[in-house]
Amino acid sequence: MDVRAQLVMVFNLDKCLGCHTCSISCKNIWTDRKGAEYMWWNNVETKPGAGYPRFWEDQEKYRGGWVVKGNNVKLKAFGKLSILLNIFYQPHMPKLEDYYHPWTYEYSKLYEGGEEDDQPVAEPVSLITGEKIEIESGPNWDDDLGGSPLYAENDVNLEERRILNTFSRLFMFYLPRICNHCLNPACVAACPQRAIYKRGEDGVVLVDQNTCRGWRFCVTACPYKKVYYNWNTGKSEKCIFCYPRTETGQANACAHSCVGKIRHVGVVLYDADGIDDVIRAREKDLVDAQRRIILDPNNENIVRLARENGVPESWIQAAKTSPAYDLIKRFEVAFPLHPEFRTVPMTFYIPPLSPILATQKIAYEVEDCQEIPTKDMLRVPAKYLSRLFSAGNEEVIHEALDRMIVLRHYMRAKNLGESFDESLLRKSGLTEDRAERLYRLFTLASYDDRFAIPPAHREYDAKDVEQRKGAKGFGVLTGPRGGL
Amino acid sequence: MFDLLIFVAIPYISIALALFVTPYRYLSGRLTWSAYSTQFLERKSLFWGSVPWHYGVVILLIGHAIGFLFPSAVQSLLSSMTRLFVMESIALGLGLLTLLGTFVLLFRRVFTGVRAVSNIADYIVLLLVLNQAITGVYMGIFARWGMEWYLHTAVPWLYSLLTFQPNVALVSGLPLAFKIHVLGAFLILAFLPFTKFVHFLFFPVGYLTEPPILYRWVKRRKA
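Residues numbered from 1 in each chain as written. Chains lettered and ligands numbered in written order. Predicted model: local features only at pLDDT ≥ 70, side-chain atom pairs only at ≥ 80, totals over all residues. Heavy atoms only, no water.

### Regarding the interface of chain B and chain A
- Contacts between chain B and chain A engage 52 residues on the former and 68 residues on the latter.
- A buried area of about 5500 Å², summed over both sides, lies between chain B and chain A, and 59% of it is on carbon and sulfur atoms.
- It is Leu31(B), Phe40(B) and Tyr207(B) in chain B that bury the most area against chain A; as a group they hold 17% of the surface buried on that side.
- Our enumeration of links across chain B and chain A arrives at 2 salt bridges.
- Asp208(A) is the partner of Arg216(B) in a salt bridge, and the nearest nitrogen-oxygen pair spans 3.1 Å.
- Where chain B meets chain A, there are 25 residue pairs in polar contact (both at pLDDT 80 or more).
- Of all the secondary structure elements, the ones that give two or more residues to the side of chain B that touches chain A are α1 (2-28), α2 (44-69), α5 (120-142) and β1 (215-216) of chain B. (Contact = heavy atoms within 4.5 Å. Buried area = accessible area lost by both parts, 1.4 Å probe. Salt bridge = Lys/Arg side-chain N within 4 Å of Asp/Glu carboxyl O. Polar contact = N/O pair within 3.5 Å; in protein donor to acceptor, adjacent residues only side chain to side chain. Helix = DSSP H or I, 4+ residues; strand = E, 2+ residues; numbered from the N terminus.)

Next comes the structure, spelled out in structure tokens:
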């Protein structure tokens, strides 16, 4: 057993209000630069919907992630040799239009336009060519269009498209996305220059800007399309999990600014020797397999192995209070996004409890169950959730939804001073204490409850400190274009 | 005088620039070390430019290098007329492929959205390779059996350069197309450290044998 630590983000989709504050704070800090205008390291999508870049989940189109071939797990897009053969042109790499053409407005026209008969207008201009353009799409172009035949209907997760024709069955929810900082990252494996790496200490996946030569295989290989090509610097960039913030114990910008307080960040310990089994698991077992390699930080034996492996004491302590561990493993309510891509993603999602279906029958039925609907009355079909979060395994989704509903019954009874049958709690794997903890995480979570981020231990690298003094930090600060 | 310039002065200057400026750029400005792909912005014509150009030029460059490194072996290989004919035909085909690719690449630089992100270095690079392609194809057609005479003129002259006893007489009698081809070649070498040409110095192969997932540790734990 090879115990390692990883920083993990958990999203409680029940609480996401789709305000895009996370995207904006990320943009302001990291991607407000030439060549990065179109990049949204953090973005929020409406589901069902096309997403950003459009239809990124459709791996027949983009060929991202891994596939099992016999005994081997291989990149879907290319083998080792065909990387070299495709180096001059990549057939499956998304193009700018698959994201959107970045633009700004000619604001200066508003006050420099001179006297005219008509109101001055700030027309849209391309941020790449500087010419006037028609805006045809944007980073959240199908925002809230969960019922649209143009976008939602083509969602690859939507098996039953007729749902969109029945008003009472329409549904939508938001899906915020960052880089998943996977345990088996396809982008890392695809980089022939070996510029992308996973940090051993905290699991953050980074692109070394000095080593990257712009071969762009990472862009194709990442099934989440979370590695972006900067056309100005000729290098690839991606979400850096705000490592300059987490290294000092602060929450990531997206998580810190989250209005709905939906994001939790914490340490989990995992068994790196088990990754091989996870990526070879059958689709239905993927969620369970991934849960299995996430280890209990309260187990003395595991703590000892972590110590032997060099995991610092502060990180072990943080793992013990980690909200991420509780949500993923202890309560089993958080799921990886698209585990069938087999990258073993390390951000997790708590599926949303949704409003009830708007049929009359259900409106009556809900009265019979104390105003709290059962999982079968919810609008978002478990099947749809399972295709997003459990590779089609509906059972695990049902278990999680059940647990969340039982918790609501329990808290309702408690608040109203009514009696509650504790066996119902136990049936869902909860006790009164555990229910209390889950309730706190879902509702009351304060900053310290949501984030248990131990600072990095840079003193390990003491020799390097002197060299780093006065260094410029992240980013391309010299003139980016080579040449004359 | 012209011969001295293109067969002695420029080659030495170019080699010096490539030898000394390239490591300097590697150490000081690696953030600009990239192929500067524009596939992201324009891909339809890129396919018909980049693929034929690279496949043509990579094989041709290897061919030039083999002739330079193993002249006697190549000499005996070309001793049969059939083999010479086949090899030259292949080379000419690759040359035409390169020429086609260069034209397409120049076209898309000038007439598509790529122009907005182009700078003068991008055009210089393309014009230099266009010069190589045109003069190369011209020699392939009008100065036949270049593979053969390359071994007896250019190769010994290159060796004379390397031994610091430049012998211009070996190549001064060759046609103008050859002289322009040589001039262009050394200009490319001179521009190499200053332009995106540097990207080809890192044709990646190391990953073929490494495990797929790369970890970096601040402090490596156990071995």
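### Here we look at the nonpolar core
- Core analysis: the biggest nonpolar cluster contains 159 residues, and Tyr38(A) and Phe389(A) have the highest contact counts within it.
- The element contributing the most residues to this core is helix α17 (residues 394-415) of chain A, with 10 residues.
- Residue contacts for Tyr38(A): discarding those within four places in its chain leaves Lys27(A), Tyr52(A), Leu96(A), Tyr99(A), Tyr100(A), Pro102(A), Tyr228(A), Tyr229(A) and Phe40(B).
- Counting 23 residues, the second-largest nonpolar core is a separate cluster that includes Met139(B), Trp157(B), Val168(B) and Val171(B). (Core = buried A, V, L, I, M, F, W, Y, C linked by side-chain atoms within 4.5 Å. Buried < 20%, exposed > 50% of the residue type's maximum accessible area, 1.4 Å probe, protein only.)

### Things to note about the pattern of salt bridges
- With the rule as written, the count across this model stands at 31 salt bridges over all chains.
- In this structure, Lys132(A) and Glu123(A) form a salt bridge, with 3.3 Å as the shortest nitrogen-oxygen distance.
- Owing to a relative accessible area of 34%, Glu123(A) belongs among the partly exposed residues under this scheme.
- With a shortest N-O distance of 3.5 Å, Arg109(B) and Asp122(B) are connected by a salt bridge. Within this pair, whereas Arg109(B) is found in helix α4 (residues 81-111), its partner Asp122(B) is found in helix α5, the two being separated by 13 residues in sequence.
- Taking the relative accessible area as the measure of exposure, Arg109(B) reaches 4% and is therefore buried.

### Some thoughts on the packing of α2(B) against helix α7 (residues 154-162) of chain B
Residue and element names in this part refer to chain B.
- Where α2 meets α7, the closest approach of the two axes is 9 Å, and the angle between their N-to-C directions is 70°. As far as their axial angle goes, α7 and α2 are roughly perpendicular. Residue-level inspection shows Gly67, Phe68 and Leu69 of α2 in contact with α7, the latter providing Val155, Leu158, Tyr159 and Leu162.
- Among the residues forming the contact of α2 with α7, the class breakdown is 6 nonpolar, 1 polar and no charged. (Axes fitted to C-alpha atoms, helices over the stretch in contact; angles between N-to-C directions. Parallel < 35°, antiparallel > 145°, perpendicular 65-115°, else oblique. Nonpolar A, V, L, I, M, F, W, Y, C, P; charged D, E, K, R; others polar.)

### Focus on a negative patch on the surface
- Taken together, the side chains of Glu115(A), Glu116(A), Asp117(A) and Asp118(A) present a region of like negative charge at the surface.
- For Glu116(A), a relative accessible area of 53% puts it in the exposed group. (Patch = residues over 30% accessible without salt bridge, like charges linked within 9 Å, V, L, I, M, F, W, Y side chains within 5 Å. Areas by Shrake-Rupley, 256 points an atom, 1.4 Å probe, with all protein chains shown as cover. Lys, Arg positive; Asp, Glu negative; His and termini not counted. Charge placed at Lys NZ, Arg CZ, Asp CG, Glu CD.)

Distances and angles like these do not, on their own, reveal function.
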